[in-house]
Amino acid sequence: ALKTPEQYEESLRKLKLKVYLQGELVENPVDHPIIRPSMNSVKKTYELAQKPEYADLMTAVSHLTGEKVNRFCHLHQSTGDLVNKVKMQRLLGQQTAACFQRCVGMDAINAVDSVTFEMDQKLGTNYHERFNQFLLKMQQEDWTVDGAMTDPKGDRSLAPSKQADPDLYVHVVEKRQDGIVVRGAKAHQTGAINSHWILVMPTIAMGKDDAEYALSFAAPADAEGIFYIYGRQSCDTRKLEGGKIDVGNSEFGGHEALMVFDDVFVPWENVFMCGEAEFSGLLVERFAGYHRQSYGGCKVGVGDVLIGAAAVAAEYNGAAKASHVKDKLIEMTHLNETLYACGIACSAEGHKTASGNYLINLLLANVCKQNVTRYPYEIARLAEDIAGGLMVTMPSEKDLHNPEIGKVVEKYFKGVSDVPMEQRMRILRLVENLTLGTAAVGYRTESMHGAGSPQAQRIMIARQGNLEQKKQLAKAIAGITQDKAN
Ligand code: SF4
Ligand code: FE
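Residue positions are given per chain, counting from 1 as you read along its sequence in written order. Here chains are named by letter from A upward and ligands by number from 1 upward, in the order in which they appear as written. In view of the model being predicted, local features appear only for residues whose pLDDT reaches at least 70, and side-chain atom pairs are presented and counted only at 80 or more, with totals across whole chains, interfaces and linings using the full set of residues. The side-chain numbers reported here are obtained from all heavy atoms of the structure, hydrogens and water having been left aside.

A look at the overall build of the protein chain
Move 1: Only DSSP runs of H or I reaching four residues or more are called helices, and only runs of E reaching two or more are called strands; each is numbered from the N terminus. Along the backbone of the protein chain there are 17 helices and 14 strands.
Move 2: Note that the radius of gyration is over C-alpha atoms, with the globule rule given as 2.2 Å times the number of residues to the power 0.38. In terms of overall dimensions, the protein chain is globule-like: its C-alpha atoms have a radius of gyration of 24 Å, near the 23 Å expected for 486 residues.
Move 3: Judged by the C-alpha coordinates and their principal axes, the protein chain covers about 75 × 70 × 50 Å.
Move 4: By residue count, 54% of the 486 residues in the protein chain fall in the buried class.
Move 5: Contacts were defined at the residue level, with two residues in contact if any of their heavy atoms lie within 4.5 Å. Of the contacts formed within the protein chain by residues at least 6 apart in sequence, a portion of 77% connects residues at least 24 apart.
Move 6: In short, Shrake-Rupley with a 1.4 Å probe defines the accessible areas, and a residue's cover is counted only from the protein chains shown. Carbon and sulfur atoms form 53% of the exposed surface of the protein chain, whose accessible area is close to 20500 Å².
Move 7: His residues and chain termini do not enter the charge count, which takes Lys and Arg as positive and Asp and Glu as negative. Throughout, a charge is located at the NZ atom of Lys, the CZ atom of Arg, the CG atom of Asp or the CD atom of Glu. In the protein chain, 54 positive and 60 negative side-chain charges are present, and the distance between their average locations comes to 4 Å. Exposure categories follow from relative accessible area, calculated using a 1.4 Å probe and restricted to protein chains: below 20% of the type maximum is buried, above 50% is exposed, and the middle band is partly exposed.

Printed below as a string of structure tokens:
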């Protein structure tokens, strides 16, 4: 059944999460001023699912039960589902201007579903049935699940089993009759503090020597032995000042955390891969593929807000009619819609897997993400160009509201005469938030490294690009029937 946004918030309050933030244990993450905006973003995924006008995008029919579920808990049953996923992400990006975090779980369940099915077929294991039981509970409870892939990785030149410290990749330290004990950590975990469950996957393709690291399992977010260290964001402590303007986006945000598994027990029913190293690469490839598709939705929605903010800033400056400003807004739109086109294309060109759910076109999903490593930076550059230097030199909202100097700030930082300075301050702070502040984590650096750094996509593009076929095409047109003289 769908949870209401209020039920979601209440369910988080019941979790006994162990979270450290700035060196201290957090008593109540839900109401912590630094964390709360990120919770609001996830809450939005519950709120919009309740609205009839968004039902097509936000909900879907479960293939397990035939019941309505939140799309974030759904296995894609068609290319239409894949397209709707991207549209849903754009919508949420537009409404939050932040990372709404819930996609990593959706991408993880879709990857684990098809890979466990294929693994069982080849190896005679029974992971898929276990996974279905987990998925059923996830759908019934409308859980936010945190897909967890990225290990700390230590020395990148060494395989997991060759690291000086054996815990730099999550691994099994004990196999028992009733389950396994795992140790290690996952880094950069999007939405970890706002999730009910964690779905762990391996982070790279592995060989036989690394079998103890070839691991996928689910665990409650507050399981014994799991704790979190909250990631710092640029300008995060502005949220402690109590104002609403200087933060740029006072309601929404995202977060990442280091998730530590300090000898966590996982019963066998929640283990979906344990030692099958030959399948770890496939799981990575599929999860990454889905998440590279995801960015063709969420980053585009956030981009929509940034383009709008730049246009409003130009109006408030009195520069909106300048032809170069108009042209820059066209360029930003062109770049943003190119990302969307990639997200839609890899979805429309998707196909059915052996387990029955739908996978995106991997080549196009990787091209999508490769563009995401560049275009948001260019869009941000153009937004800063249009906004002007005031976005980084402006006094604070406290100065504006100070009885003595407020008048001075209003007078000298006013743009067009009929727009109050406070509105100009608000829109410029939003541009700052997205390009340099807390939201730049999601819009910029995550665009570079999230869902895999640029080189990871280039490897996939090389693998999927079918260069041999292209050479044959060229030879046929050029009339080359044999390569070498004999
Ligand atoms: Fe979803 Fe985008 Fe956040 Fe990833 S970065 S979790 S795709 S909103
Ligand atoms: Fe991400």
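From this point, the discussion proceeds with the structure in view.
Details of helix H1 (residues 5-14)
Move 1: If you check which residues of H1 are buried, you get Pro5, Tyr8, Glu9, Ser11 and Leu12. Viewed end-on, H1 has its buried residues packed into an arc of 160°, placing them on one side of the element. Residues of H1 that are exposed and point more than 90 degrees away from the buried face comprise Glu6 and Lys14.
Move 2: Looking at the buried residues of H1, the elements they touch are helix H2 (36-49). This arc describes the spread of directions from the helix axis toward the C-beta atoms.

Details of the packing of aromatic side chains
Move 1: Two aromatic rings, drawn from Phe, Tyr or Trp (for Trp, its six-membered ring), form a pair once their centres lie within 6.5 Å of each other, and the interplanar angle then sorts them: stacked below 30 degrees, edge-to-face above 60, tilted otherwise. If you walk through the whole model with that rule in mind, you get 11 aromatic pairs.
Move 2: The interplanar angle of 85° and the centroid separation of 5.5 Å between the aromatic rings of Phe131 and Phe272 together place this pair among those described as edge-to-face. Taken together, the residues Phe131 in helix H6 (residues 127-141) and Phe272 in strand S12 (residues 271-274) connect sequence positions 141 residues apart.
Move 3: Ring geometry for Trp143 versus Trp197: centroids 4.9 Å apart, planes at 25°, classification stacked. Taken together, the residues span a long stretch of sequence, with Trp143 in the loop between H6 and strand S5 (145-148) and Trp197 in strand S8 (residues 197-200) at a distance of 54 residues.

Comments concerning the environment of His351
Move 1: Within the element layout of this structure, His351 appears in strand S13 (residues 351-352).
Move 2: Taking relative accessible area as the criterion, His351 reaches 41% and is therefore assigned partly exposed.

Digging into the coordination of the iron ion (ligand 2)
Move 1: Any N, O or S atom lying within 2.8 Å of the metal counts as a donor, and for Na, K and Ca the limit rises to 3.2 Å; water is left out, so some sites can look incomplete. The protein atoms that coordinate the iron ion (ligand 2) are His291 (NE2), Tyr295 (OH) and Glu446 (OE), at distances spanning 2.1 to 2.7 Å.
Move 2: Between the donor residues of the iron ion (ligand 2), the gaps in sequence give the motif H-x3-Y-x150-E. With His291 and Tyr295 both in helix H7 (residues 280-317) and 4 residues apart, the pair spans about one turn of that helix. Residue His291 shares its accessibility class with Tyr295, and that shared class is buried.

Things to note about the site of ligand 1
Move 1: What makes a residue near a molecule or strand is one non-hydrogen atom of that residue sitting within 4 Å of it. Surveying the vicinity of ligand 1 reveals the residues Cys99, Phe100, Gln101, Cys103, Thr190, His291, Ser294, Tyr295, Cys298, Lys299 and Glu446.
Move 2: A total of 5 residues in the shell around ligand 1 trace back to one element, the largest contributor, which is H7.
Move 3: When residue character is reported, Ala, Val, Leu, Ile, Met, Phe, Trp, Tyr, Cys and Pro are called nonpolar, Asp, Glu, Lys and Arg charged, and the others, Gly included, polar. Taken together, the residues of the shell around ligand 1 sort by class into 5 nonpolar, 4 polar and 2 charged.

Examining the packing of H7 against helix H15 (residues 440-449)
Move 1: Helix axes are fitted only over the stretch in contact, all axes being lines through C-alpha atoms; the angle between N-to-C directions runs from 0 to 180 degrees. Interaxial distance between H7 and H15 falls to 11 Å at its minimum, and their mutual angle equals 140°. Compared by their axis directions, H7 and H15 come out oblique. For the pair H7 and H15, the crossing hand works out as left-handed. Along the contact surface, H7 presents Tyr295, Lys299, Val302, Gly303 and Leu306, while H15 presents Gly442, Tyr443, Glu446 and Ser447.
Move 2: Classifying every residue of the contact of H7 with H15 gives 4 nonpolar, 3 polar and 2 charged. Roughly parallel covers angles under 35 degrees, roughly antiparallel covers those over 145, roughly perpendicular covers 65 to 115, and oblique covers all other angles. In a left-handed crossing the near helix is turned counterclockwise from the far helix by less than a right angle, and in a right-handed crossing that turn is clockwise.

Points about the sheet that holds strand S1 (residues 19-21)
Move 1: Spatially, S2-S1-S10-S11-S7-S6 is the arrangement adopted by the 6 strands of the open sheet, whose pairing is mixed. Single-partner strands in this sheet number two, and they are strand S2 (24-25) and strand S6 (171-175). Any two strands between which DSSP finds at least two bridges are classified as paired.

Remarks on the packing of helix H8 (residues 323-348) against helix H10 (residues 375-387)
Relative placement of two packed helices is described by the angle separating their axes and the distance separating the axes.
Move 1: Direction vectors running N to C along H8 and H10 enclose 160°, while the axes themselves pass 10 Å from each other. It follows that H8 is roughly antiparallel to H10 by the angle criterion. Here H8 runs over H10; the crossing is left-handed. Residues Val325, Lys328, Leu329, Glu331, Met332, Leu335, Asn336, Thr338 and Leu339 of H8 form the contact with H10, whose participating residues are Tyr375, Pro376, Glu378, Ile379, Leu382, Ala383, Asp385 and Ile386.
Move 2: Split into classes, the residues belonging to the contact of H8 with H10 amount to 11 nonpolar, 2 polar and 4 charged.

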